[in-house]
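# Structural description and commentary
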Amino acid sequence: MSKQRVVVVGNGMVGHKFIDNLLQDTKADEFEIITFSEEPRLAYDRVQLSSYFTGATAADLALTDEGYYNDNGVNFVLNDKVTELNTSDNYVVTASGRKESYDKLVLATGSFPFVPPIPGNDQEHCLVYRTIEDLEAINASASQSKVGVVVGGGLLGLEAANALKAAGLETHVVEFAPRLMAVQLDEGGGNLLRRKIEDLGVNVHTEKATTEIVAGETCRYRMNFADGSHLETDMILFSAGIRPQDELARQFDLEIGERGGIVVNDFCQTNVDNVYAIGECALWGGRIFGLVAPGYTMAKVAVSHITGGEEKFLGADMSTKLKLLGVDVASIGDAHGNTPGAQSYTYNDEIEQVYKRLIVSEDGKKVLGAVLVGDVDAYGNLLQMMLNDMDLPENPAGLILPNTGGEEAMGLGVDALPETAQICSCYDVTKGDIMAAVANGCTDMAAIKGETKASTGCGGCAALTKQVLDAELANLGYEVKNDICEHFAYSRKELADIIRVKKIKTFDELLDSHGKGLGCDVCKPAVGSILASYWNDYVLEEEHMGLQDTNDIFLGNMQKDGTYSIVPRVAGGEITPDKLIVLGEVAKEFNLYTKVTGGQRIDLFGAQLHELPIIWKKLVDAGFETGHAYGKSVRTVKSCVGSTWCRYGVNDSVGFAINIEDRYKGLRSPHKLKFAVSGCTRECAEAQCKDVGVIATENGWNLYVCGNGGMRPRHADLFATDLDDDTLIKYVDRFLMFYIRTADRLQRTSVWLENLEGGLDYLKEVIIDDKLGLGAELEAEMAANIGNYQCEWKTTVESSEKLKRFQHFINSDDTDSNLAYVVEREQRRPATKEERIQSVELVD
Amino acid sequence: MSNWITVCSENDLTPSTGICALHEGEQVAIFFCGKNKEVYAVSNFDPIGEANVLSRGIMGSIGEDVVVASPLYKQHFNLKTGECLEEPEHTLKTYPIRLEGGEVQLQAA
Ligand SMILES: Cc1cc2nc3c(=O)[nH]c(=O)nc-3n(C[C@H](O)[C@H](O)[C@H](O)COP(=O)(O)OP(=O)(O)OC[C@H]3O[C@@H](n4cnc5c(N)ncnc54)[C@H](O)[C@@H]3O)c2cc1C
Ligand code: HEM
Ligand code: SF4
Ligand code: SF4
């Protein structure tokens, strides 16, 4: 059987996608492909076009190359426009006179920029923004211009304005409508976007209809507007929308929409047999889709139909999220609230320049759309809720109020998340993927990780993945065991109780009496942490050493190349110049990459195992202590400068922060603990996103608990107000020990509280009212822990026996030869794999 | 006859933890199990994290297998066979090892 000839007119993003999909199809060898492009090159990434101005080359933008087409037998003709179409004898003719017959014809001609019919719009420095050639022309023109105007304040117009501004031109945007991005944004959103863009130095003129472009006085041209005003400029970029490129279809009798576009059905077929249209030139359901993703779907549908499949194109969601001139903007669904009966919630923060509007259905149950400007964190959630037709939580406003964009705000457990919800962003694993893995027999985290790769990237989603796993197991009728691992048939809380009540002091003792096997990397560190919480022995005692996780065992945070980072304690973030100099000197001597952490201290990276004790000896001698940055333990107490310096401060936040950091430093716990103290309600230390937050008031301190930053932010809850120092410390003692007793392994206080039966009220009863009569016991446990505090690094550098382990080889003084570094921004960092292979200039 | 090379003394081993030895130019991670008193030797290079770190991982068991967990991304490697439990396409080189007269010895190639 001879091959079917498929002719693809247009080799843009979608035309290429079609060809690529057809080549991947199992029936690929039944087809012979030939494609024509009016442009001088094969398909390139138009979406990233603007990056051409920031250094990307045509080769960087290319989506394919001639080699790939040649290897796969795709014939291509560049620089040759198809000008004639004969649908009765099935052939096309090009501008150069070439004639090709087809069995199937695919029109992927895209669209062209609309240039408003303004007299004078055809002059040399009047340009458009669509192809690489256009950009070359813009570059050339900009280099001879001082002032540039973009006509059109939509998505593309603002992208173009950014390019002009980056080229150093005085930049103006002229928009016919009363606001920017009129399609995607409502009035409030458009206004804020305008303010932000003007703050960046771009001049915005709305409600301006250009009547003519004439010779200018101070610049090359002058634009005259209908309202009598005018603007002088050296160049003009038209970005007033796109029009489907339907010229061929028009001339040769394919069905065309009233306002242009080649009419197609759900299979992307035109009204003529064997002729398809896909991408921006196609009109489906009366709509043109000016984004690349719907075009790609059409390409897939057309391939399916041509190869005998039945996939359909059923429209596409046009929600968008992007950064325009550095401003975050998102638009979801019915952004204008055009749906009959639609209601909305609006949040408008003029200080922080954040605007959010949530449009909900008449009955207040569903998301219809949203506009987000300045803060688009809620985009993912809202889009998921809309696409999955999920019910809104009780208080929908929470979805757009600050710091409540996380899942908590949705008031939903994992069960309510749709199957399409992305759980692991590193490997794009959805809830559905995890459910499928469970159905295929994965019943623990190790199996889920192996099967889906979820939480094997940065690991930030581990807790969420586990919750989905547990929920799914429960749904499938498995008994969800909270056993910490196969070696102990107990939860972390039960193990903590056993250890505390039976006064068990070592892991082996616990394993012999309550466990089996050898233990593993789950139970060992968990038990190590519980032992340390209650008895606070030196963690590197022989019987505890093997329990310590990656970081604890060498008292440093292991980095990707196996070296460590060093973080000395800087209580409250207060440090003397002399100590700062010591840190600088040590960093210099050992060539350590230096960075300020989010916890107001200084992190020195890249220390090798054998260097750790030498470095720490110097630091200990200079009066530093370990910062426990490596431990699941109390990290830092961040503070603002407070009343000693700040004009607004009402109490000494630094002094109090140092106090509590000294009290709780190094306390081992189910997960890390972060504190902060602010000197007044302005809250510069951001205490309300911490496990324990303290804010000064006129009458004492307000205590907040169970906040969290990180991957699932949670605002802390106000726990008690106007406390004196001693009461606050008493509460915190009890709170921390109660958490240590009852939390799951690796459960932050935020999640712990969410899962605590009775919630915040119950916690208050236990801590403040001492309902369980545990108060004194918890305080005594804390006192014992504090009494046993030692700086682990001090103990270590003083023990020659322990120091033996701090060398790479037991039998040689050599160091790890696999380490390699390059210099970036004047400091070294680990070389990437590519850099190693290319052996760019490496440093020690 | 095979030759055994002493890399360190038994006293250098801490139960249930690893150490790294330089053996004929290769980095070998050596583990000592406090319970069954056995020693294990595998390559120190973590093929997934691509760094010489396995001797610093936590030792334990999964079912009957004695394993070490990578300190970087926590995959488990069987200390007897070198096989990675989560990603079986990766296998560590293993080395014959013995305790002899208070010394830890690896076999010469
Ligand atoms: C600056 C810019 C930024 C963008 N940003 C985004 C974004 O962030 N997100 C997004 O989703 N989309 C974005 N888009 C839109 C996206 O690029 C288009 O949706 C996509 O390129 C459409 O693909 P297409 O194949 O339908 O059309 P095109 O990529 O335009 O390809 C059509 C090709 O056909 C050729 N052609 C036309 N007629 C003929 C003929 N008769 N004979 C031969 N060849 C012909 C044309 O020269 C062209 O090469 C952006 C577009 C631009 C210009
Ligand atoms: C005169 C009053 C103020 C003074 C002297 C002051 C001082 C400071 C200083 C010195 C820092 C830097 C801390 C660091 O780098 O770690 C800081 C950070 C901060 N300030 Fe202020 N500030 C004042 C008012 C405010 C107000 C009114 C707010 C909030 C509305 C605020 C919010 C913040 C925040 C959120 C940070 C943390 C930024 C970060 O983590 O990098 N500040 N402030
Ligand atoms: S430091 Fe934290 S947020 Fe940054 S890359 Fe590492 S895990 Fe991710
Ligand atoms: S929280 Fe109050 S006291 Fe502290 S720095 Fe900010 S304004 Fe000053």
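Residues and elements named next belong to chain A. For leucine 555, which is not glycine, the phi dihedral falls at a positive 55 degrees. With respect to the helices and strands, the residue leucine 555 is situated in the loop between helix H16 (542-545) and strand E29 (557-558). Residue classification places leucine 555 among the buried positions, given a relative accessible area of 1%. The backbone of aspartate 770 sits at a positive phi, close to 50 degrees, despite the residue not being glycine. Within the secondary structure, aspartate 770 sits in the loop between helix H22 (759-767) and helix H23 (775-787).

The next thing to look at is the pairing of strand E16 (residues 235-238) of chain A. Residues and elements named next belong to chain A. The two faces of E16 match: Met235 and Leu237 on one face and Ile236 and Phe238 on the other face are all buried. In this structure, strand E9 (residues 126-128) lies alongside E16, joined through 3 bridges in parallel fashion. Along E16, the bridge assignment pairs leucine 127 with leucine 237. Sheet topology places strand E10 (residues 147-151) next to E16; 4 bridges connect them, and they run parallel.

All names here are of chain A. Summed over all chains, the structure comprises 18 aromatic pairs over all chains. Plain terms: the ring middles of tryptophan 284 and phenylalanine 313 are 5.4 Å apart, the flat faces sit at 90 degrees to each other, and that makes the pair edge-to-face. Remark: phenylalanine 313 occurs in the loop between helix H8 (292-306) and strand E22 (320-324) and tryptophan 284 occurs in strand E20 (residues 282-284); sequence separation between them is 29 residues. Taken individually, tryptophan 284 and phenylalanine 313 each receive the classification buried, so the pair is uniform in this respect. With a centroid separation of 5.6 Å and 55 degrees between ring planes, the pair formed by tyrosine 593 and phenylalanine 605 is classed as tilted. With tyrosine 593 in strand E31 (residues 593-596) and phenylalanine 605 in strand E32 (residues 602-607), this residue pair connects regions lying 12 residues apart in the sequence. Aromatic ring contacts, followed pair by pair, group Phe554, Tyr564, Trp616, Trp793 and Phe806 into a single cluster. Lying across the ring of tryptophan 535, lysine 505 places its NZ or CZ 4.9 Å from the centre. Looking at arginine 682, its charged tip hangs above the ring of tyrosine 648, at a distance of 3.8 Å from the centre.

Residue and element names in this part refer to chain A. At their nearest, the axes of helix H19 (residues 653-664) and helix H20 (residues 725-742) sit 12 Å apart, and the two run at 35 degrees to each other. In this structure, the crossing between H19 and H20 has a hand that is right-handed. Contacts between H19 and H20 pair Phe656, Ile660, Arg663 and Tyr664 from the former with Asp725, Leu728, Ile729, Val732, Asp733 and Leu736 from the latter. Of the residues in the contact of H19 with H20, the class split is 7 nonpolar, no polar and 3 charged.

Attention shifts here to the site of ligand 1. Residues and elements named next belong to chain A. If you check the shell around ligand 1, you find 28 residues, and the closest are Val14, Glu39, Arg130, Glu280 and Val292. In this structure, an oxygen atom belonging to ligand 1 sits 2.9 Å away from a side-chain N or O atom of arginine 46. Isolated, ligand 1 exposes 990 Å² of accessible area, and the fraction of that covered by the protein chains is 90%. Elements that contribute at least two residues to the shell around ligand 1 include exactly helix H1 (13-24) and helix H5 (155-166). At 3 residues, the largest contribution of residues to the shell around ligand 1 is made by H1. When grouped by side-chain class, the residues that make up the shell around ligand 1 number 12 nonpolar, 9 polar and 7 charged. Here the shell around ligand 1 spans two domains, and each of domain 1 (4-112 + 244-306) and domain 2 (115-240) adds at least three residues to it.

Time to look at the packing of helix H13 (residues 492-501) of chain A against helix H15 (residues 523-535) of chain A. Residue and element names in this part refer to chain A. The N-to-C vectors of H13 and H15 enclose an angle of 45 degrees; their axes lie 10 Å apart at closest approach. Judged by the angle between their axes, H13 and H15 are oblique. For H13 against H15, the interelement crossing comes out right-handed. Along the contact surface, H13 presents Arg492, Leu495, Ala496, Ile499 and Arg500, while H15 presents Val527, Ile530, Leu531, Tyr534 and Trp535.

Taken over all residues, the pLDDT of chain A has a mean of 88, while the share at 70 or more is 95%. Considering only residues more than four positions removed or in separate chains, one finds that residues 404-412 of chain A, a stretch of pLDDT under 50, has 21 contacts.

To continue, consider the sheet that holds strand E1 (residues 4-9) of chain B. Residue and element names in this part refer to chain B. An order of E1-E11-E10 is seen for the 3 strands of this open sheet, with the pairing classed as antiparallel. Unpaired on one side and paired on the other, E1 and strand E10 (97-100) mark the two borders of the sheet. If you compare each strand with its neighbour and ignore which way they point, the axes differ by 35 degrees on average.

Turning our attention to the interface of chain A and chain B. Taken residue by residue, the interface counts 42 residues in chain A and 36 residues in chain B. Summing both partners gives a buried area of about 3100 Å² for chain A against chain B, and 54% of it is carried by carbon and sulfur. If you sort the residues of chain A by the area they bury against chain B, Leu518(A), Asp521(A) and Ile810(A) come out on top, with a joint share of 20%. Counting across the chain A and chain B interface gives 15 residue pairs in polar contact (both at pLDDT 80 or more). For the side of chain A that touches chain B, the elements supplying multiple residues, two or more each, are helix H11 (445-452), helix H14 (507-514), H15 and H16 of chain A. Its residues placed into classes, the side of chain A that touches chain B shows 14 nonpolar, 16 polar and 12 charged.

Scoring rules and cut-offs
Residues numbered from 1 in each chain as written. Chains lettered and ligands numbered in written order. Predicted model: local features only at pLDDT ≥ 70, side-chain atom pairs only at ≥ 80, totals over all residues. Heavy atoms only, no water. Helix = DSSP H or I, 4+ residues; strand = E, 2+ residues; numbered from the N terminus. Buried < 20%, exposed > 50% of the residue type's maximum accessible area, 1.4 Å probe, protein only. Pairing = 2+ DSSP bridges. Phe/Tyr/Trp six-rings, centres within 6.5 Å; stacked < 30°, edge-to-face > 60°. Lys NZ or Arg CZ within 6 Å of the ring centre and 35° of its normal. Axes fitted to C-alpha atoms, helices over the stretch in contact; angles between N-to-C directions. Left-handed = near helix turned anticlockwise from the far one by under 90°. Contact = heavy atoms within 4.5 Å. Nonpolar A, V, L, I, M, F, W, Y, C, P; charged D, E, K, R; others polar. Near = heavy atom within 4 Å. Polar contact = N/O pair within 3.5 Å; in protein donor to acceptor, adjacent residues only side chain to side chain. Areas by Shrake-Rupley, 256 points an atom, 1.4 Å probe, with all protein chains shown as cover. Domains from an automatic or database assignment. Parallel < 35°, antiparallel > 145°, perpendicular 65-115°, else oblique. pLDDT = per-residue confidence, 0-100. Buried area = accessible area lost by both parts, 1.4 Å probe.

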